[in-house]
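# Coordinates in review
Read off the chains here:
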Amino acid sequence: MIATLCQLFASYLKIGFFGFGGGYAMLSLIQNEVVVQHAWLSEAQFADIVAVSQMTPGPIAINSATYVGYEVAGIVGSVVATLAVCLPALTIMMLITRFFMRLHGNRYVKGIVGGMQPVVIGMIGAAALLLIFPSSDDARSFIDAWSWILFALTLLGSLRKVNPILLILLSAAAGILIYGVF
Amino acid sequence: MLFDIFKTFFKIGVFTFGGGYAMIPLIGAEVIDRRGWIAEKDFLELLTLAQSAPGPIALNTAVFVGYKMQRYAGALAAVMGVVVPSFTIILIIAMFFSDIRDNQWVDAAFRGMRPAVVALIVAPVIGLARGMHAALIAVAAAVAAAVWYWGFSPVWLLLAGAAAGALWVALRGKEAGL
């Protein structure tokens, strides 16, 4: 139990520390730790929690920490994982605020941030690929022609800046109509 | 004062659906316009920093504003404010989720949501890749393949990207005007 809690803490510390590029980029980092390395969640559970985080408030990193922590080790686990994912941001941002404000505009900082940018975009792409082509069948995002229609409509809506929660709620309603009622 | 910081970021935490970028206007409205805690100029500078530092933007912004107001205690109060709503809601969901997940209506809803989630993830990739140099798009594609297909940990790729960026500045930065 203590060993599991330590692993949970270490994993989410890592996710917090390398969580560059915002929520979607962190998905492949989270997936790598939680599904690939430790098998705390199945691919299907991971896909579910991503969908749930789209509808609930708060950053996905924190949402996934709380959820995975609970799945692995109950309420204690959720506290440990959530704390771990927040610690790097807390420390690094305080250091930046305190000492490194002048680094803003430094050419090496610009170079480092610029060098990570294509990696971050690739990580977002990987998160999408992982959800499109999972290795287990019950985690599949695309099951029939309706899936592709919902995908296309949501993509169009998202590119036109329609509120993402609205898009998720509409697709849930469409899912209930298509797969539940008919 | 500490309680005010907590309260303000609690509110931000409750209403920040859809993650980072969606909440920036909300944070701005609270800490610049309503509370007058920081100047707009500082806020914009902060956003660039919050986006290049690791971690959720919401959290980074909270640390910055809280720290500016009341040092360590302020930063802690702001972080608690952002985290507590999302923590509570997800904990409740986690407690009951496995009981309702197999319900046929819930399952139908998730079948509809899954392709939509993929679309929400793909959309920013299209936006970001637009206007990027072809070589960098190739790097992004290689990273996507490495993480997705071979299960590479993104950590090493991020470090490699950071090193390549620093090296590029050291060798070529002056010519490029950096």
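Residues numbered from 1 in each chain as written. Chains lettered and ligands numbered in written order. Predicted model: local features only at pLDDT ≥ 70, side-chain atom pairs only at ≥ 80, totals over all residues.

## Describing the interface of chain A and chain B
The accessible area lost on association of the parts is a frequent measure of interface size. With 89 residues of chain A at the contact, the number on the chain B side is 83 residues. For the side of chain A that touches chain B, the secondary-structure elements that each account for two or more residues are α1 (2-17), α2 (23-37), α3 (43-55), α4 (60-99), α5 (107-132), α6 (145-159) and α7 (164-181) of chain A. With 23 residues, α5 of chain A is the single largest residue contributor to the side of chain A that touches chain B. Of the residues belonging to the side of chain A that touches chain B, the class tally is 57 nonpolar, 27 polar and 5 charged. (Contact = placed C-beta atoms within 7 Å. Helix = DSSP H or I, 4+ residues; strand = E, 2+ residues; numbered from the N terminus. Nonpolar A, V, L, I, M, F, W, Y, C, P; charged D, E, K, R; others polar.)

## Notes on the domain arrangement of chain B
Looking at chain B, the domain boundaries give domain 1 (2-100), domain 2 (104-131) and domain 3 (133-178). If you average the C-alpha positions of domain 1 of chain B and of domain 2 of chain B, the two centres end up 25 Å apart. (Domains from an automatic or database assignment.)

## A closer look at unusual backbone geometry
Note on backbone geometry: most residues besides glycine have negative phi, and most peptide bonds are trans. Located in the positive-phi region is A39 of chain A, a residue other than glycine, with phi close to 50°. Secondary-structure assignment places A39 of chain A in the loop between α2 and α3. A39 of chain A gets classed as exposed once you count the C-beta atoms within 10 Å, which come to 8. Even without being a glycine, R71 of chain B presents a positive backbone phi close to 50°. Tracing the backbone through its elements, the reader meets R71 of chain B in helix α4 (residues 57-100). You can call R71 of chain B partly exposed: it has 13 C-beta atoms within 10 Å. (Buried ≥ 20, exposed ≤ 12 C-beta atoms within 10 Å, placed from the backbone.)

## Topic: the packing of α2 of chain A against α5 of chain A
For any two helices packed against each other, the geometry comes down to the angle between their axes and how far apart the axes lie. All names here are of chain A. Taken N-terminus to C-terminus, the directions of α2 and α5 make an angle of 65°; their axes are 7 Å apart at the nearest point. Regarding α2 and α5, the two cross each other, and that crossing is left-handed. Along the contact surface, α2 presents Y24, A25, L27, S28, L29 and Q31, while α5 presents V120, M123, I124, A126, A127 and L130. Residue classes in the contact of α2 with α5 are distributed as 10 nonpolar, 2 polar and no charged. (Axes fitted to C-alpha atoms, helices over the stretch in contact; angles between N-to-C directions. Left-handed = near helix turned anticlockwise from the far one by under 90°.)

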